Structure formats: C-alpha cells, structure tokens
Amino acid sequence: VPAYELSFNNTDSLIAAGKKYGAVGYITSGWTDDTQTLMRLAFPDIAYGASASWQASPVKRRDFFNTYARAQYPENSSDKISKAHTALMKSESFIRGAVGNTDPAFWINPFDSIFFMKIQANIPQLKMGRMEAEKAKIYLYECLGDKEADSSLIHTLLTGAAMLDYLSVKCLYANEIFEFWQEVEKSADKEKALRAFFLEVVWNFHTRTSDMQDFIAETKAMFRQAWLSEYTPFRLEIGLRKYDMEMEFWIKLQRRFEKVYTNYRSGTKLPEWKSIIATE
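Residues numbered from 1 in each chain as written. Predicted model: local features only at pLDDT ≥ 70, side-chain atom pairs only at ≥ 80, totals over all residues. Heavy atoms only, no water.

## As for the packing of helix 8 (residues 151–186) against helix 11 (residues 236–263)
Move 1: Taken N-terminus to C-terminus, the directions of helix 8 and helix 11 make an angle of 15°; their axes are 14 Å apart at the nearest point. Classified by the interaxial angle, the pair formed by helix 8 and helix 11 is roughly parallel. Crossing handedness for the pair helix 8 and helix 11: left-handed. Residue-level contacts link Met 163, Tyr 166, Lys 170, Ile 177 and Trp 181 of helix 8 to Tyr 243, Glu 246, Trp 250, Phe 257 and Val 260 of helix 11. (Axes fitted to C-alpha atoms, helices over the stretch in contact; angles between N-to-C directions. Helix = DSSP H or I, 4+ residues; strand = E, 2+ residues; numbered from the N terminus. Parallel < 35°, antiparallel > 145°, perpendicular 65-115°, else oblique. Left-handed = near helix turned anticlockwise from the far one by under 90°. Contact = heavy atoms within 4.5 Å.)

## Considerations on helix 6 (residues 113–121)
Move 1: By the burial criterion, the buried members of helix 6 are Phe 115, Phe 116 and Ile 119. Down the axis of helix 6, the buried side of the element spans an arc of 95°, and every buried residue falls inside it. Residues of helix 6 that are exposed and point more than 90 degrees away from the buried face comprise Ser 113, Ile 114, Met 117 and Ala 121.
Move 2: On its buried face, helix 6 is in contact with helix 4 (75–99), helix 5 (102–105), helix 7 (123–143) and helix 8. (Buried < 20%, exposed > 50% of the residue type's maximum accessible area, 1.4 Å probe, protein only. Arc of directions from axis to C-beta.)

## So, the pattern of salt bridges
Move 1: For the coordinates displayed, the defined rule picks out 17 salt bridges.
Move 2: Two residues, Arg 96 and Glu 5, come together in a salt bridge whose shortest N-O distance is 3.3 Å. A residue pair is termed long-range when its members are at least 10 positions apart, and Arg 96 in helix 4 and Glu 5 in helix 1 (residues 4–20) qualify at 91 residues.
Move 3: By relative accessible area, which is 18% here, Arg 96 ends up buried.
Move 4: Under the relative-accessibility criterion, Glu 5 is labelled partly exposed at 31%.
Move 5: The network of salt bridges with common partners includes Arg 130, Glu 134, Lys 137 and Asp 165. (Salt bridge = Lys/Arg side-chain N within 4 Å of Asp/Glu carboxyl O.)

What follows is the structure, given as structure tokens:
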C-alpha cells in the first residue's frame, strides 16, 4: 500500500548491481496477481525506475516527487500531489516499520499475540503513520476540484491513503481497546467500569468498534471504485470479500463485548481476554 521507499531502495540496489556486472538494460515490471493491487498507485515506482535506469548516479529522491508531479499533473495540482506522494511514502514507511509489510498487515487480527506486541512497541510510529496518511488525504481532496487533473488517478491515491489510515487506526484502536479492558479488570466496581468500556468500545454510535465498521465500509467503496476505473470486474469480488471479512471481524468483536457487558453480574468473574478476541 504504496511502499515507495521500499520500491525505490530496490530499484537503486538492482541498478547498482546491473551496472557493476554489465547489464545492458533494466525492466520495471508490475505484478497484479494480488487482488489488492491498484496499478495507479505504482505509477511513481515505474517513473522512478525509468529515470534511475538512464542516469549515471542515483535519483535525487528529495526532488523526485516534485519533478514527477510536474510532469504528470496540471500546474494547479502538481505541488499538492507532490506533497501527497511524500506523505504517502512517509506514512507507509512508519507503519511498515511498526508492524511489517502493509498489505498482509491490513487483514490480520490486530490482537494476534505477535502482531499485538509489535503494535504496543511502536505506538508513536503508528501515530506518525496516521498523521501522514491524513496529510495525504487533505492534499488530495484539495485537488479533486481541479478540472484539468485526472480525477480517477487522484481517487486511487486517496484510496491508498485511506488504506494506510485504516491500518494505522486499526492498530491504535486495538491497543486502546486493550487498555480500556485492563481498566475494567483493575476496577473494584466492575459494573461501572464495564459501562465506561461499553460507551468507549461497544455502543453502536462512534465507539471504537462501530468506527472501524464505518471505516472499512468507506474504504471498501473507495477500493471498488478505484478498481473499476482501471480494470474489468474480473477478480474484484475476491478482493472485496476480504473487506467483508474485515467488517465481520469488527461486528463479531462488538457483539462479544456487548454480550460480556449485558450478561455480567456483580461479583462474577470476567471472561478471559483471549476468549473474547479469538478469531474463531
């Protein structure tokens, strides 16, 4: 979910090796086997590879997005889209540094023990990742009004920003939900603590679990539109089904917590945390 830093590093390493061993050319390829791949997100990667392969020295990354945006977009939008690309790169780098490759991380149960340990150890990075994704969204929304700009391309970039935003919030909310649960476990007045937990995590309006349902539904709709703007419907439903499974995860979690809240009686033992957040 566009991993520009990783892609640029790979390109520089491959070209350096090619020059060392006498390669006569460089091929930039794009794989669309993964049902989450949106090729418009990879346009900067393709341009970077093309540029790097014709230069004697490595591409100056500080100037790359600015140069790329000026060549690809109308003058009114180029500066904002350059800043959006930079923010996307920073967002993905922060999040990937925290929890690993962003594509598989997008779908994992955030309470998985190993994954959750990564979340807890990297809260500041995840917050920075979210801030940069939000910056990218602001820049891109401001460009949608430019009639000369390719609205489909901008929408796809917005979809990438939304995916990064969702992933960072998913991780941050998982940690917050766990912290709220710890407050319940430590409280002498479990009923009162569970009521507070219910209002922060479970209720149907603007709580952690309901917000995540809204978020994944919005992101799914954006992904579907972006897909259909560059592909046929073939294999689309496979990709969308993953979004449905993500929605189901948050609905089931919400209902499990609601059941705990509804069925709890003063003086009884709380269920084990692991029994609530288990995927099965």
